[in-house]
Amino acid sequence: MEAGFNPDANGNVYGLAVQADGRILVGGSFTSVGGMERTNLARLNADGTLDTGFNANADDPVYSVALQADARFCWEAVSPAWAGRRETAWRGLMPTARSTQGLTRMRTLVSIA
């Protein structure tokens with residue numbers, strides 16, 4: 001990534017991950033990237049433009065993104081307090097295909113604070 005890289009998100013960016021093909025996963029607390037609606041998780045093409053075929057629409061802010069050896073990825077999110085507890089969880093395990101059709105979501109509890 002170049003020194004002046006800017007994903008053009010309208011909020012905070014907390015995590016980035018560069019896929020083998022050069023596309024960039026962007027996680028944070030935002031509602032748009034590149035002027036298009038994307039909630040908390042987006043993907044950019046290798047040239048920095050928004051990958052318009054990808055729209056995960058993460059429910060909660062994304063604090064980190066991790067790539068797996070099997071070409072899937074997951075993200076860490078903190079759910080709002082419910083009954084006095086905040087939940088930190090890894091979610092996702094989504095294929096890295098161009099489209100978001102047929103995505104499966106998994107939620108694994110990491111900690112409760």
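Residues numbered from 1 in each chain as written. Predicted model: local features only at pLDDT ≥ 70, side-chain atom pairs only at ≥ 80, totals over all residues. Heavy atoms only, no water.

A. Broad picture of the pairing of strand 2 (residues 24-29). Burial of strand 2 is extensive: five of the six residues sit out of reach of the surface. With six bridges connecting them, strand 1 (residues 12-18) and strand 2 associate as antiparallel partners. In the strand pairing of strand 2, Leu16 is matched with Val26. Between strand 1 and strand 2, which pair antiparallel in sequence order, lie five residues; one of them, Gly22, sits at a positive phi of approximately 95°. (Buried < 20%, exposed > 50% of the residue type's maximum accessible area, 1.4 Å probe, protein only. Helix = DSSP H or I, 4+ residues; strand = E, 2+ residues; numbered from the N terminus. Pairing = 2+ DSSP bridges.)

B. View of the pattern of salt bridges. All chains considered together, the criterion is met by three salt bridges. Arg23 is the partner of Asp21 in a salt bridge, and the nearest nitrogen-oxygen pair spans 2.6 Å. Two residues, Asp51 and Arg43, come together in a salt bridge whose shortest N-O distance is 2.9 Å. Judged by its relative accessible area of 3%, Asp51 is buried. By relative accessible area, Arg43 is classed as buried at 0%. (Salt bridge = Lys/Arg side-chain N within 4 Å of Asp/Glu carboxyl O.)

C. The arrangement of unusual backbone geometry in detail. Backbone geometry places Asp8, a non-glycine residue, at a positive phi of 60°. Mapped onto the elements, Asp8 comes out in the segment before strand 1. By relative accessible area, Asp8 is classed as partly exposed at 45%. Although it is not a glycine, Asn40 adopts a positive phi angle of roughly 70°. Checked against the element boundaries, Asn40 lands in the loop between strand 4 (36-37) and strand 5 (41-44).

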